[in-house]
Amino acid sequence: MKVPLLDLKAQYQSLKKELDDAVLNVAESQYFILGPEVKKMEENFCEFLGCKYSIGVSSGTDALLLALMSIDLKPGDEVIVPAFSFFATAGVVSRLNAVPVFADIDPVTFNIDPAEIEKRITSKTRAIIPVHLYGQSADMDPIMEIARKNNLIVIEDGAQAISTQYKDGKSVGTIGDIGCYSFFPSKNLGCYGDGGLVVTNDDDFEHIMRIKRVHGGEPKYYHKVIGGNFRLDAIQAAVINVKLPHLNDWSEGRRKNAEHYNKLCIDAGLAEETGRIKFDDDNKVLLPKAVYKNVDGLKNFHIYNQYIIRIEKRDELREFLADNEINTEIYYPVPFHLQECFSDLGYNKGDFPSSEEAGSTSLALPIYPELNNEQLVYVVEKIKEFIKG
Ligand SMILES: *Cc1c(COP(=O)(O)O)cnc(C)c1O
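Keep in mind it's a predicted model, so treat the numbers as computed, not measured.

## Considerations on the overall build of the chain
At step 1: Helices and strands together make up the secondary structure of the chain, namely 12 helices and nine strands.
At step 2: Taken over the C-alpha trace, the chain has a radius of gyration of 21 Å; the compact-globule value for 389 residues is 21 Å, and the two agree within 12%.
At step 3: Dimensions of the chain, computed from C-alpha atoms along their principal axes, come out at roughly 70 × 55 × 40 Å.
At step 4: The burial tally for the chain puts 55% of its 389 residues in the buried class.

## Details of empty space enclosed by the protein
At step 1: Taken as a whole and judged by the stated rule, the model has four cavities of 30 Å³ or more.
At step 2: Estimated volume of the largest cavity: approximately 110 Å³.
At step 3: If you trace the largest cavity, you find 15 residues lining it, with Leu6, Leu8, Gln11, Asn188 and Arg254 closest to the centre.
At step 4: Partitioned by chemical class, the residues of the lining of the largest cavity number seven nonpolar, three polar and five charged.

## Observations concerning helix α7 (residues 203-213)
At step 1: If you check which residues of α7 are buried, you get Phe205, Glu206, Ile208, Met209, Ile211, Lys212 and Arg213.
At step 2: Elements in contact with the buried residues of α7: α2 (35-49), β1 (53-57), α3 (60-69), β5 (153-157), β6 (178-182) and β7 (196-200).
At step 3: You can read the cap of α7 off the contacts: a side-chain oxygen lies 2.9 Å from the backbone nitrogen of Asp204, and it is on Asp202.
At step 4: Just downstream of α7 lies His215, where phi reads positive at about 70 degrees.

## Observations regarding the pattern of salt bridges
At step 1: According to the stated counting rule, one finds 25 salt bridges in the structure shown.
At step 2: For Lys40, the salt bridge identified is with Glu37, shortest N-O distance 4.0 Å. Taken together, the residues span about one helical turn, with Lys40 and Glu37 both in helix α2 at a distance of three residues.
At step 3: A relative accessible area of 42% places Lys40 in the partly exposed class.

## Points about the site of the ligand
At step 1: Among the 14 residues in the neighbourhood of the ligand, the closest are listed as Gly60, Thr61, Asp157, Ser182 and Lys187.
At step 2: Here an oxygen atom of the ligand and a backbone polar atom of Gly60 are 2.8 Å apart.
At step 3: A distance of 2.8 Å separates an oxygen atom of the ligand from a polar side-chain atom of Gln160.
At step 4: Protein burial of the ligand: of its 380 Å² of free accessible surface, 93% is covered by the chains.
At step 5: If you map the ligand onto the pockets, it falls in the largest pocket.
At step 6: Counting residues per element, the ones that place at least two in the shell around the ligand are α3 and α4 (88-95).
At step 7: Within the shell around the ligand, the residues separate by chemical class into five nonpolar, seven polar and two charged.

## Digging into the side chain of Asp157
At step 1: Turning to its location among the elements, Asp157 is positioned in strand β5.
At step 2: A polar contact is formed between the side chain of Asp157 and the side chain of Thr89, at a distance of 2.9 Å.
At step 3: Once residues lying within four places of it in the same chain are set aside, the contact partners of Asp157 are Leu64, Thr89, Ile129, Pro130, Val131, His132 and Cys180.

## Comments concerning the side chain of Thr328
At step 1: As for its placement among the helices and strands, Thr328 is situated in the loop between α10 (314-323) and α11 (353-361).
At step 2: When its relative accessible area of 5% is taken as the criterion, Thr328 is described as buried.
At step 3: When sequence neighbours within four positions are dropped, the list of residues in contact with Thr328 reads Leu5, Arg318, Leu321, Leu363, Ala364 and Leu365.

## Here we look at the sheet that holds β1
At step 1: The mixed open sheet is built from seven strands, whose spatial order is β1-β7-β6-β5-β4-β2-β3. In this open sheet, the two edge strands, each paired with only one partner strand, are β1 and β3 (99-103). For this sheet, the mean angle separating the axes of adjacent strands, direction not counted, is 25 degrees.
At step 2: Summarising the sheet, strand β2 (residues 78-82) and strand β4 (residues 125-128) pair through three bridges and their orientation is parallel. Considered in β4, the bridge of Glu78 is made with Thr125.

## Considering the domain arrangement of the chain
At step 1: The domains assigned to the chain are domain 1 (8-245) and domain 2 (247-388).
At step 2: Here domain 1 and domain 2 have C-alpha centroids that lie 25 Å from each other.
At step 3: Listed per partner, the contact involves 50 residues of domain 1 and 40 residues of domain 2.
At step 4: Interface area lost by domain 1 to domain 2 is led by Phe102, Tyr134 and Asn188, which between them contribute 19%.
At step 5: Counting across the domain 1 and domain 2 interface gives zero salt bridges.
At step 6: Linking domain 1 to domain 2 there are 21 residue pairs in polar contact (both at pLDDT 80 or more).
At step 7: Counting only elements with at least two residues in the side of domain 1 that touches domain 2, the list comes to α1 (8-29), β2, α4 and β3.
At step 8: Residue composition of the side of domain 1 that touches domain 2, by class: 28 nonpolar, 16 polar and six charged.

## Examining the packing of aromatic side chains
At step 1: The full count for this structure, using the stated rule, is 17 aromatic pairs.
At step 2: A centroid spacing of 6.4 Å and a plane angle of 85 degrees characterise the contact between Phe87 and Phe336, whose relative ring orientation is edge-to-face. With a gap of 249 residues between them, Phe87 in the loop between β2 and α4 and Phe336 in the loop between α10 and α11 connect regions that are remote in the sequence.
At step 3: A relative accessible area of 39% means that Phe87 is categorised as partly exposed.
At step 4: Among the aromatic residues, those joined into a cluster by ring pairs are Phe84, Phe86, Phe110, Tyr134, Tyr331 and Tyr332.
At step 5: The lysine or arginine in question, Lys187, covers the ring of Phe86, its NZ or CZ lying 5.8 Å from the ring centre.
At step 6: When the ring centre of Phe301 is taken as reference, the NZ or CZ atom of Arg255 above it lies at 5.5 Å.

What counts, and where the lines are drawn
Residues numbered from 1 in each chain as written. Predicted model: local features only at pLDDT ≥ 70, side-chain atom pairs only at ≥ 80, totals over all residues. Heavy atoms only, no water. Helix = DSSP H or I, 4+ residues; strand = E, 2+ residues; numbered from the N terminus. Rg over C-alpha atoms; globule rule 2.2 N^0.38 Å. Buried < 20%, exposed > 50% of the residue type's maximum accessible area, 1.4 Å probe, protein only. 1 Å grid on protein atoms, 1.4 Å probe; cavity = no way out; pocket = protein on both sides within 12 Å on 5 of 7 lines; lining within 4 Å. Points joined across faces, edges and corners; volume = space filled by probe spheres on them. Nonpolar A, V, L, I, M, F, W, Y, C, P; charged D, E, K, R; others polar. Contact = heavy atoms within 4.5 Å. Polar contact = N/O pair within 3.5 Å; in protein donor to acceptor, adjacent residues only side chain to side chain. Salt bridge = Lys/Arg side-chain N within 4 Å of Asp/Glu carboxyl O. Near = heavy atom within 4 Å. Areas by Shrake-Rupley, 256 points an atom, 1.4 Å probe, with all protein chains shown as cover. Sits in = over half its atoms within 2 Å of the grid points. Pairing = 2+ DSSP bridges. Axes fitted to C-alpha atoms, helices over the stretch in contact; angles between N-to-C directions. Domains from an automatic or database assignment. Buried area = accessible area lost by both parts, 1.4 Å probe. Phe/Tyr/Trp six-rings, centres within 6.5 Å; stacked < 30°, edge-to-face > 60°. Lys NZ or Arg CZ within 6 Å of the ring centre and 35° of its normal.

Right, dumping it as structure tokens:
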């Protein structure tokens, strides 16, 4: 049985007519860059996420870059980021000649550990970028408290977590000063290429980001500041406008699949309860934990952009599953402090144990909403076969 990591065709088939019409309408209008579809999309997100402003941009990476370009970051300024995330989270900081300062993650949630942030604050620290990795919120209360106490700006990387709620019910991305999202096709809400979004409740940040999205001219061709081309195109916005009303259902499907994986693994004796962080038995996998799951009324406590198990013989398991036509992925094999491009920052192996352990033991299983029951059962059967022979 074939089990792909992601099957975008299934989703496309379910909305084919609406999506095709939306794209053709853009062709009819010949209005390709920004324009009414993007404006409509921005209004939709303000309502959906519960924020004052939202600005469509060219990608999730550009969302982060634009946010950092709009807080007046100077060369040599420091920005604290988790040591374990997708490369863009740290890459954007270096691209502006600022210094990414790494902090270790919490081993249960894979998100930045607030206590580790506090240790790394210096007189040069300007901002913190918490990442809501795999679709679960970072612990924002202590992060905001640390930021306010030290006068730091918080830019949330919600690329994998659009619509995820923190324990107070707020959507991630709307808690800090600026929130960033991605519409890369493999995210929960994907467009037909690259796309992204920044959100804020702050009038000044909104103003500067909107100007810098189109090179920084105000009025056009008169520049007090330098921006870039961070524009979103109309086809992407039109696709997102069709898909957004379905996002909560898709996330629900992912949550159901995650619960099912958890139950199957525990029933098969492959795992103990979710959220364990120690391998006390070679013949076990560690299951992910949705830490805000039992908060009253909280629906999107986790949107499972990825479902991550951990196992010591990770690479062998991955190969075994591939031999059985099950596709998996490693997000991410190398934490930032061990990346060659950051070697001049002076970090060493052993500096961030939880990030290193995540890098060497994590494996993403297929979790997309259209996955069927037989496929799910098959995946767990094969994991069992690998572990128990
Ligand atoms: C995908 C992703 C990004 C970048 O988004 P793109 O749209 O691919 O540029 C940034 N941060 C995280 C955590 C991501 O997963």
